[in-house]
Amino acid sequence: MSIVAKLGPRVWAKVEAADNKRISSQTLPEGVQAVLDVPYLEDGAKEHLLDIYTPDDFEKPLPLIIDIHGGGLMYGYKEINKNFCYHLARDGFMVISINYRLVPNVLYGDQVRDVLAAFRWIAQHGAEYGCDMERVFVAGDSAGGQLCAHCTLVNNCPELRQIYRVEESGLNIRGVALICCMYSRKGKCAFINGAAFGKRYRKHPEYEGTDLKKYLSADYFPPAYIVTSDQDFIQEGSVYMEQLLREKGIRHRFRNWGYNKQEPIEHVFNVAYPDREESVQTNHEITDFFKEI
């Protein structure tokens, strides 16, 4: 077992305690209804559940945002993004927030297959819940941002679908929001490679499949909104993504918040604290960007 896999549970236990404290102190906005714990795979696993949020009393098909939570690929669950999802829904969207299995219990490729399974379920059942299947978007924060970008690419690229042993989901993803995304400056999966891909990971096809510089193209990747800040401890991942999208000629919008000494604008600030001023502006920019598309 890698050092990351051994030490991860201690680190993430502290993060979970902080998340629970944050969540218990927040008040959910009114005007949103939720359908909780819908299985996208019928195996009884809590990691294969999703939540569906819609504005109260909506009367027509709604554009959809699929939200993928962060947690370094090793931690997290859909409920830590609940407040964020409520705010997106109040902007006139259906929001579907998904769980997925976590490293080190599974490898990164299994997480990709989980997300694609959720995509497939949504393609088959989204319209039943009132989703406009012609207006589907994906958002993700931190590791969820990496999965958002990469799984969208896998969904659209035949070569990557073969590498990850998945079929096309049937989902037409029109745009993505990458929030403080977890990519290294080399454009591959960051930080926990041994735990996420196993021993000798550098020769693993699924690790090589995360190489954005090799696989990213306008043919397979939709317009993207990217947000980070000078106080985001993995800011370099978002900066790299912006540079690469510019090189590839892919439509995008880049928001980098500066340094705020009094109230730090830290990693995934707009997801963790969607009520603060910078978060409200950022989240409106995300939904406005999707509406433009």
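Everything quoted here is computed from the prediction, not taken from an experiment.

### Points about the overall build of the chain
Along its length, the chain carries 11 helices and eight strands. The C-alpha atoms of the chain give 18 Å as radius of gyration, which agrees with the globular expectation for 293 residues (19 Å, within 12%). The C-alpha extent of the chain, read off along each of the three principal axes, is 50 × 45 × 40 Å. Taken across its 293 residues, the chain has 58% of its residues classed as buried. Long-range contacts, defined as pairs at least 24 residues apart, comprise 76% of the intrachain contacts of the chain with a sequence gap of at least 6. Summed over its atoms, the accessible surface of the chain is roughly 13200 Å², and 49% of this surface lies on carbon and sulfur atoms.

### Regarding helix α9 (residues 235–248)
With 14 residues, α9 extends 20 Å from end C-alpha to end C-alpha; this agrees with the ideal 20 Å at 1.5 Å per step. Restricting attention to buried positions, one finds in α9 the residues Gly237, Ser238, Tyr240, Met241, Glu242, Leu244 and Leu245. For α9, the elements touching its buried residues are α4 (143–156), β6 (173–179), α8 (212–215), β7 (224–229) and β8 (252–257). Just beyond α9, the residue with positive phi is Gly249, at close to 70°.

### Looking at unusual backbone geometry
The linkage connecting Val103 with the following residue, Pro104, adopts the cis geometry, with an omega of 10°. As for its position among the elements, Pro104 is in the loop between β4 (94–98) and α3 (108–125). With a phi close to 60°, Arg165 is a non-glycine residue in the positive phi region. For Arg165, a relative accessible area of 57% puts it in the exposed group.

Criteria and cut-off values
- Residues numbered from 1 in each chain as written.
- Predicted model: local features only at pLDDT ≥ 70, side-chain atom pairs only at ≥ 80, totals over all residues.
- Heavy atoms only, no water.
- Helix = DSSP H or I, 4+ residues; strand = E, 2+ residues; numbered from the N terminus.
- Rg over C-alpha atoms; globule rule 2.2 N^0.38 Å.
- Buried < 20%, exposed > 50% of the residue type's maximum accessible area, 1.4 Å probe, protein only.
- Contact = heavy atoms within 4.5 Å.
- Areas by Shrake-Rupley, 256 points an atom, 1.4 Å probe, with all protein chains shown as cover.
- Expected span 1.5 Å × (residues − 1).

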